[in-house]
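Here is how the chains run, residue by residue.
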Amino acid sequence: MEDYEMTDRDRGSPKMNHRKVLGLTLIGSMTIGVLAFAQASPTIEQLRQTVSRLRGNRIETPNNWDKLTTQQKKYVESILSGPRGDITGPLGVMMVTPELGDLAQKAIAYSRFAGREGFSSVPPKLNELAILVVAKHWSAEYVWNAHHTAAVRYGITPETVEAIRTGRRPSTMEKDVEAVYNFASEFISKRDVSDTTLQAAKNVLGSDRGLVDLVGTMGLYQISSMMVALDHTPLPAGTTPYLH
């Protein structure tokens, strides 16, 4: 999961606990403003500890700093010098191909930290909505687990998140949410969007750049979903799957 996401570690039913998620929304709103855009250069101890926590499943992920190749060490340093504080999920899978991994992690970070200066122009709420549509399409448990509470924290209603999780069209949506939901769902299912759907999303996002950034998020999180699907990356211990 992404390093600072508040994930729902429910031990019970896989359905959303709306009260709990709304509580996390309030906590997240107090903490998100103090997150740094980038970290200071990591110390050797931070690098060693981060690598030691890596655990592959079907893809054998190296977890000994001293045994990493030069490119793998550069990859780890690059991630920890950016806005993330850890290496998890698809970023861990890509440790075995660090040249690809570094290109991908920087592009994913561009989408992941939407709304900040120098990152995607898509509002974070709508960005997280698109990520959930992609995660559901791929049945990507790891990606869903990392982002469903963030979507609520940024303003997507728990009812909308639950409808996406169960494969239903949300019954009520705000205008901006509906426009982006229609765009993302239509594009990923039909591999095309109508002029009407495209224009509605463009009106919400404000420009062609917004549309391209939105599609970029969808494409990059398909890469993330495919990497964890390849590895069968497990959820954090004690986390109940949501999509299966």
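Refer to the preceding data block for the structure.
Residues numbered from 1 in each chain as written. Predicted model: local features only at pLDDT ≥ 70, side-chain atom pairs only at ≥ 80, totals over all residues. Heavy atoms only, no water.

Participant: How should the nonpolar core be read in this particular structure?
Facilitator: As a rule of thumb, nonpolar side chains are buried together in soluble globular proteins. Counting residues in each nonpolar core, the largest one holds 55 residues, and the members touching the most others are Val76 and Trp144. Leave out the neighbours within four places in its chain, and Trp144 touches Leu132, Ala135, Lys136, Val161, Ile164, Arg165, Tyr242 and Leu243. (Core = buried A, V, L, I, M, F, W, Y, C linked by side-chain atoms within 4.5 Å. Buried < 20%, exposed > 50% of the residue type's maximum accessible area, 1.4 Å probe, protein only. Contact = heavy atoms within 4.5 Å.)

Participant: Would you explain the environment of Ser120 in this entry?
Facilitator: Considering the arrangement of structural elements, one finds Ser120 in the loop between helix H5 (98–112) and helix H6 (124–138). Along the backbone, Ser120 and Tyr110 are 10 residues apart, and their C-alpha atoms lie at a distance of 5.7 Å. Setting aside its immediate chain neighbours within four residues, Ser120 contacts Tyr110, Ser111, Ala114, Gly115, Asn127 and Asp213. (Helix = DSSP H or I, 4+ residues; strand = E, 2+ residues; numbered from the N terminus.)

Participant: So what exactly am I meant to see when it comes to the environment of Gly115 here?
Facilitator: In this structure, Gly115 sits in the loop between H5 and H6. Here Gly115 falls in the exposed class, since its relative accessible area comes to 54%. For the pair formed by Gly115 and Asn127, sequence separation is 12 residues and the distance between their alpha carbons is 9.0 Å. Leaving out residues up to four positions away in the same chain, Gly115 has contacts with Ser120, Val122 and Pro124.

Participant: Explain the layout of surface pockets here, please?
Facilitator: Sizing a probe to match a water molecule and rolling it over the atoms shows the empty space that remains. Roughly 300 Å³ of volume is contained in the largest pocket. If you trace the largest pocket, you find 17 residues lining it, with Arg53, Arg55, Thr88, Gly89 and Tyr142 closest to the centre. Its residues assigned to classes, the lining of the largest pocket shows 7 nonpolar, 6 polar and 4 charged. Quantified by volume, the second largest pocket comes out at close to 150 Å³. Lining the second largest pocket are 13 residues, with Ser139, Ala140, Glu141, Val228 and Ala229 sitting closest to its centre. Secondary structure elements with two or more residues in the lining of the second largest pocket: helix H7 (141–153) and helix H11 (208–231). (1 Å grid on protein atoms, 1.4 Å probe; cavity = no way out; pocket = protein on both sides within 12 Å on 5 of 7 lines; lining within 4 Å. Points joined across faces, edges and corners; volume = space filled by probe spheres on them. Nonpolar A, V, L, I, M, F, W, Y, C, P; charged D, E, K, R; others polar.)

Participant: Explain the side chain of Glu128 to me, please; I cannot follow it from the model alone.
Facilitator: Structurally, Glu128 is set in helix H6. A polar contact of 2.8 Å, which involves the side chain of Glu128, links it to the side chain of His147. (Polar contact = N/O pair within 3.5 Å; in protein donor to acceptor, adjacent residues only side chain to side chain.)

Participant: How should I be thinking about helix H2 (residues 44–52) in this particular structure?
Facilitator: For an α-helix, the turn length of 3.6 residues means that residues three or four places apart are oriented alike. Within H2 the residues assigned to the buried category are Leu47, Thr50 and Val51. When H2 is viewed along its axis, its buried side chains cluster within an angular range of 95 degrees and face the same direction. Where the residues of H2 are buried, they touch helix H3 (70–80). (Arc of directions from axis to C-beta.)

Participant: Just to check I follow, could you spell out H3 for this structure?
Facilitator: Taken together, the buried positions of H3 are occupied by Gln72, Tyr75, Val76, Ile79 and Leu80. Projection of H3 onto a plane perpendicular to its axis shows the buried side chains occupying an angular sector of 120 degrees, all on one side. In this structure, the buried residues of H3 make contact with H2, helix H4 (90–93) and H5.

Participant: I would appreciate a short explanation of the packing of H2 against H3 in the present structure.
Facilitator: How two helices pack is summed up by the angle between their axes together with the distance between the axes. Across the interface, H2 lies against H3 with an axial gap of 11 Å and an inter-helix angle of 105 degrees. By the angle between their directions, the pair H2 and H3 is classed as roughly perpendicular. Where H2 approaches H3, its residues Gln46, Leu47, Thr50 and Val51 are matched on the opposing element by Val76, Glu77 and Leu80. Of the residues in the contact of H2 with H3, the class split is 4 nonpolar, 2 polar and 1 charged. (Axes fitted to C-alpha atoms, helices over the stretch in contact; angles between N-to-C directions. Parallel < 35°, antiparallel > 145°, perpendicular 65-115°, else oblique.)

Participant: Even after reading the chapter, I still don't get the packing of aromatic side chains, so can you show me in this structure?
Facilitator: On inspection of all chains with the given rule, the structure shows 2 aromatic pairs. Relative to Phe187, the ring of Phe183 lies with its centre 5.7 Å away and its plane at 70 degrees, an arrangement referred to as edge-to-face. Of this pair, Phe183 and Phe187 are both found in helix H9 (residues 175–190), 4 residues apart, which corresponds to roughly one turn of the helix. Looking at Phe183, the relative accessible area reads 3%, which means it is buried. Here Arg112 stacks its cationic end above the ring of Phe113, 5.0 Å away from the centre of that ring. (Phe/Tyr/Trp six-rings, centres within 6.5 Å; stacked < 30°, edge-to-face > 60°. Lys NZ or Arg CZ within 6 Å of the ring centre and 35° of its normal.)

Participant: Could you clarify how one ought to interpret the packing of H6 against H11 in this entry?
Facilitator: Between H6 and H11, the least distance of the axes is 9 Å, while the angle of their chain directions is 40 degrees. In terms of orientation, H6 and H11 fall into the oblique class. Of the two elements, H6 crosses H11, and the hand of that crossing is right-handed. Across the interface between the two elements, Leu126, Asn127, Ala130, Ile131, Val134, Ala135, His137 and Trp138 of H6 pack against Leu214, Thr217, Met218, Tyr221, Gln222, Ser225 and Met226 of H11. The residue inventory of the contact of H6 with H11, partitioned by class, reads 10 nonpolar, 5 polar and no charged. (Left-handed = near helix turned anticlockwise from the far one by under 90°.)

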